[in-house]
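Topology and contacts: notes
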Number of protein chains: 2
Amino acid sequence: MTPAPTPAPAPARWAFDSFAGREVLIIGGLGFIGSNLAHRLVEVGARVSLVDSMNPLYGGNLRNIAGIENRVTVNISDIRDRHSLPYLVRGKAFIFNLAGQTSHMDSMTDPFTDLEINAAAQLSLLEVCRAHAADARLVFASTRQLYGRPQYLPVDEKHPIKPVDVNGINKLSGEFYHILYDEVYDLRATVLRLTNTYGPRMRVKDARQTFLGIWFKLALEGRPFEVWGGEQKRDYSYIDDVVEALLIAALDERSRGTIYNVGGHEVLSLMETAEIVNRVFGDSGLVQKTYPPERKKIDIGDYYSDSTLFESRTGWSPKVDFEDGVRRTLDYYKTELEHYL
Amino acid sequence: MTPAPTPAPAPARWAFDSFAGREVLIIGGLGFIGSNLAHRLVEVGARVSLVDSMNPLYGGNLRNIAGIENRVTVNISDIRDRHSLPYLVRGKAFIFNLAGQTSHMDSMTDPFTDLEINAAAQLSLLEVCRAHAADARLVFASTRQLYGRPQYLPVDEKHPIKPVDVNGINKLSGEFYHILYDEVYDLRATVLRLTNTYGPRMRVKDARQTFLGIWFKLALEGRPFEVWGGEQKRDYSYIDDVVEALLIAALDERSRGTIYNVGGHEVLSLMETAEIVNRVFGDSGLVQKTYPPERKKIDIGDYYSDSTLFESRTGWSPKVDFEDGVRRTLDYYKTELEHYL
């Protein structure tokens with residue numbers, strides 16, 4: 001490995017009010033990350049448009065924009081619909097590309113849908129941006145899943161890539177298309193490889209957005225949740241930290257053409273994670289299970305991220321520790337759970 | 001970098017007659033590499049079926065099977081046609097998957113076609129194999145293009161991946177799907193990343209299969225060919241060496257789930273390459289040109305492969321040096337050129 005680059009001095013503070021009055025498109029904007037980003041952007045005065053397919057398997061939920069519904073433009077369409085994209089991207093200064101099929105298991109049972117959304121539709125979005133939004137600043141949300149089983153920890157961006165499921169392969173294509181179009185066609189794109197992101201507005205009805213979703217739901221209902229294995233180490237990102245990372249990535253011109261890891265600083269085993277969830281939610285118990293054989297083959301063992309590159313270049317760092325984040329999530333779902341079932 | 005694995009003793013000789021009587025499918029079988037492989041397999045007594053789309057932009061040419069046309073089964077269909085694949089793969093002991101869009105420039109002007117052939121169709125082939133040919137031994141031909149601009153030379157399999165065109169991204173997906181289906185579904189697949197392959201039956205009417213094709217054609221016609229740049233270093237693989245590598249990869253059970261580089265031992269600059277071509281073909285001159293700007297962005301500079309891993313594991317090594325290979329190619333096209341225009 002080459003030594004880490006000398007950190008350039010990071011701006012003391014990113015001026016998020018520079019989004020004020022700017023046209024921002026969030027693809028996947030009714031989903032977990034997209035809607036939290038929308039709330040923040042509305043707060044700083046951006047003109048926010050949300051595109052979402054409202055596909056019931058994904059994160060889209062109109063409840064996610066409660067309170068800002070009259071301050072954003074909502075368009076229901078799928079990123080696979082090439083026909084609507086030119087209209088939707090035109091005139092946008094920033095495009096946050098957060099639409100994706102995120103379930104690892106679904107990518108194995110229906111690999112073609114995963115390919116269409118995570119690879120083919122990304123390519124068509126970029127082609128449309130070339131033609132209709134060549135000046136837009138693009139940020140693409142990717143996943144740590146493409147590293148596969150870590151060969152060393154924490155995992156930095158130089159770690160070899162070895163996807164363990166179809167989702168990881170297709171997300172990798174999506175990333176590489178963005179970086180390629182940045183280099184060849186001068187679109188300005190940045191890729192963030194996110195780790196387990198959690199917080200208010202996440203999908204909790206099942207495990208399609210991290211296992212934490214279903215844990216939170218069951219714990220809130222006073223029911224035990226399942227821990228598969230228990231020793232596996234993970235890091236987590238609280239949603240507000242991820243939203244800040246996305247905004248900074250969009251503003252930082254030095255970050256164009258770059259792929260960054262964005263993860264948490266705390267490393268917890270699944271069992272430690274479960275104990276914190278139970279402590280915060282009021283212990284409803286848990287059931288420890290051996291890893292189901294059909295999932296074993298796509299399990300990645302221990303994983304946690306090294307985000308040093310992004311932190312040193314931009315000054316970003318995660319601010320919300322896991323227990324605090326879980327508490328904030330609980331506060332949200334205490335009154336909101338019914339809208340997420 | 002971790003040290004290279006200790007070479008296990010390689011079999012003294014691979015018994016290609018173990019293909020005798022076996023059902024072999026070659027996808028892209030009327031193309032350059034596929035048809036040469038077919039000739040060799042017919043020679044050792046295999047029962048050979050060829051699938052090819054005969055897409056005029058690719059390498060398919062019925063002349064390629066002159067002499068064996070009555071000893072092979074030919075089926076004209078495209079790998080994108082999911083409907084015919086189950087019938088075609090059923091009962092096959094070996095499947096050589098050589099169909100692909102190979103032009104780097106075409107992948108930029110028509111990225112969706114490249115995606116359909118090099119990624120989506122590969123996924124559908126693997127799904128069909130799971131269902132209908134779970135016992136077949138698969139060999140997939142990939143490309144060195146996915147390494148991008150080398151960070152060190154020669155390039156081994158641990159070199160970081162950074163495709164510089166859409167073709168490299170989609171070929172990478174095709175590879176990873178094969179390796180994933182090997183690991184998760186127990187299909188037995190090996191991937192060979194080939195370098196510039198040349199020889200009889202290559203496409204020579206344009207540069208869609210390496211620049212050598214068009215050089216050979218122009219030299220044969222007594223016309224000067226263009227050398228873009230000249231300093232760039234390359235390695236080359238003569239087709240007979242590649243055919244042996246494919247056969248060995250199919251027979252070697254220890255190679256399943258593995259990605260190998262397969263390249264040449266000689267390293268030549270483009271200008272040295274051009275001089276050898278002119279020496280063999282009878283000097284028709286050449287025109288040195290600066291690199292065209294629209295291609296500059298997807299140029300990879302110097303590239304040559306390190307095939308040590310494949311060589312040490314299997315005992316394979318390239319046998320035909322470049323000048324000899326060019327001479328054999330000339331011998332072929334002296335009488336055959338008219339069928340390739």
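Before reading on, note that the structure itself is shown above.
The following refers to the structure shown. Nothing here was measured: the structure is a model prediction, and the numbers come from that model. Per chain, residue numbering runs from 1 following the sequence as it is written. As a convention, the first chain written is A and the first ligand written is 1, with the rest following in written order. Only residues with pLDDT of 70 or above have their local features reported here, since the model is predicted, and side-chain atom pairs are shown and tallied only from 80 upward, although totals for entire chains, interfaces and linings are computed over all residues. In computing side-chain values, all of the structure's heavy atoms are included and hydrogens and water are not.

Let's talk about the overall build of chain A
Each helix is a run of DSSP H or I of at least 4 residues and each strand a run of E of at least 2, with the numbering of both proceeding from the N terminus. A tally of helices and strands in chain A yields 11 helices and 13 strands. Here the globule rule is a power law, 2.2 Å times the number of residues to the power 0.38, and the radius of gyration is based on C-alpha atoms. Computed over its C-alpha atoms, the radius of gyration of chain A comes to 19 Å, within 12% of the 20 Å expected for a compact globule of 341 residues. Exposed residues in this analysis have more than 50% of their type's maximum accessible area, buried residues have under 20%, and partly exposed residues fall in between, with area computed by a 1.4 Å probe over protein chains only. In chain A, buried positions account for 62% of the 341 residues. In chain A, the proportion of contacts linking residues at least 24 apart, taken out of those at least 6 apart, comes to 81%. The criterion used for residue contact is that any of the two residues' heavy atoms lie within 4.5 Å.

Digging into the relation of the copies chain B and chain A
Note on the copies: chain B fits chain A at an RMSD of 0.0 Å, the axial shift is 0.0 Å, and the rotation between them is 180°. The transformation just described matches what one would write down for a two-fold rotation axis. By residue overlap, the copies meet face to face through one surface: 100% of the interface positions of chain B are interface positions in chain A. When the copies are overlaid, the least-squares fit takes in C-alpha atoms only where the residue has pLDDT of at least 70 in both copies.

Some thoughts on the pairing of strand β6 (residues 188-194) of chain A
Residue and element names in this part refer to chain A. A large share of β6 lies buried, amounting to 6 of its 7 residues. As judged from the 7 bridges shared by strand β5 (residues 137-143) and β6, these two strands associate in the parallel manner. Among the inter-strand pairings, Phe140 is bridged to a residue of β6, identified as Val191. The β-α-β motif built from β5, the intervening helix α5 (residues 166-185) and the parallel element β6 has right-handed crossover chirality. Should DSSP find at least two bridges between two strands, the strands are regarded as paired. Alignment of β6 against strand β11 (residues 258-262), held across 5 bridges, turns out to be parallel. From the neighbouring strand, Leu194 faces β11, where its bridge partner is Val262. We call a crossover right-handed when, viewed with the strands running away from us, the connection from the first strand over the helix to the second turns clockwise.

Observations regarding the packing of aromatic side chains
The criterion for an aromatic pair is that two Phe, Tyr or Trp rings (for Trp, the six-membered ring) have centres within 6.5 Å, with stacked assigned to planes under 30 degrees apart, edge-to-face to planes over 60 apart and tilted to the rest. In the structure shown here, the tally under the stated rule is 34 aromatic pairs over all chains. Note on Tyr332 of chain A and Tyr333 of chain A: the rings are 5.0 Å apart at their centroids and 85° apart in plane angle, and the pair reads as edge-to-face. With respect to burial, Tyr332 of chain A and Tyr333 of chain A carry one shared label: buried. Ring geometry for Phe19 of chain B versus Phe94 of chain B: centroids 4.7 Å apart, planes at 55°, classification tilted. Of this pair, Phe19 of chain B sits in the segment before β1 (23-27) while Phe94 of chain B sits in strand β4 (residues 94-97), placing them 75 residues apart in sequence. Phe19 of chain B gets classed as buried once you look at its relative accessible area, which sits at 0%. Phe94 of chain B sits in the buried class, given a relative accessible area of 6%. An aromatic cluster is present here, built from Tyr198, Phe211, Trp215, Phe216, Phe225, Tyr236, Tyr238, Phe281 and Phe322 of chain A joined pairwise through their rings. The positively charged end of Arg144 of chain B is found above the aromatic ring belonging to Tyr303 of chain B, 5.2 Å away from the centroid. Think of it as a cone above the ring: NZ of Lys or CZ of Arg counts as a charge over the ring if it is within 6 Å of the ring centre and within 35 degrees of the ring normal.

Overview of the sheet that holds β6 of chain A
All names here are of chain A. Judged by pairing direction, the sheet is parallel, and its 7 strands sit side by side in the order β3-β2-β1-β4-β5-β6-β11 without closing on themselves. Each edge of the sheet is formed by a strand with only one pairing partner; in this case those strands are β3 (72-76) and β11. Averaged over all pairs of adjacent strands, the angle between their axes in this sheet comes to 20°, without regard to strand direction. Pairing of strand β1 (residues 23-27) with strand β4 (residues 94-97) involves 4 bridges; the strand directions are parallel. Counted as the bridge partner of Leu25 is Ile95 from β4. Sheet strands touched by helix α1 (residues 32-43): β1, β2 (47-52), β3, β4 and β6. Its angle to β1, the strand with the most contacts, is close to 165°. Lines fitted to C-alpha atoms define the axes here, with helix axes fitted over just the stretch in contact, and angles between the N-to-C directions of these axes take values from 0 to 180 degrees.

Observations concerning the sheet that holds β1 of chain B
Residues and elements named next belong to chain B. Strand order in the open sheet formed by 7 strands is β3-β2-β1-β4-β5-β6-β11, with parallel pairing between adjacent strands. Looking along the sheet, the strands with just one partner apiece sit at the ends: β3 (72-76) and β11 (258-262). In this sheet, adjacent strand axes meet at a mean angle of 20° when their direction is disregarded. Relative to strand β5 (residues 137-143), β4 runs parallel, the two being bridged by 4 bridges. The residue of β5 that forms the bridge with Ile95 is Leu138.

Spatial relationships are all this shows, so hold off on functional conclusions.
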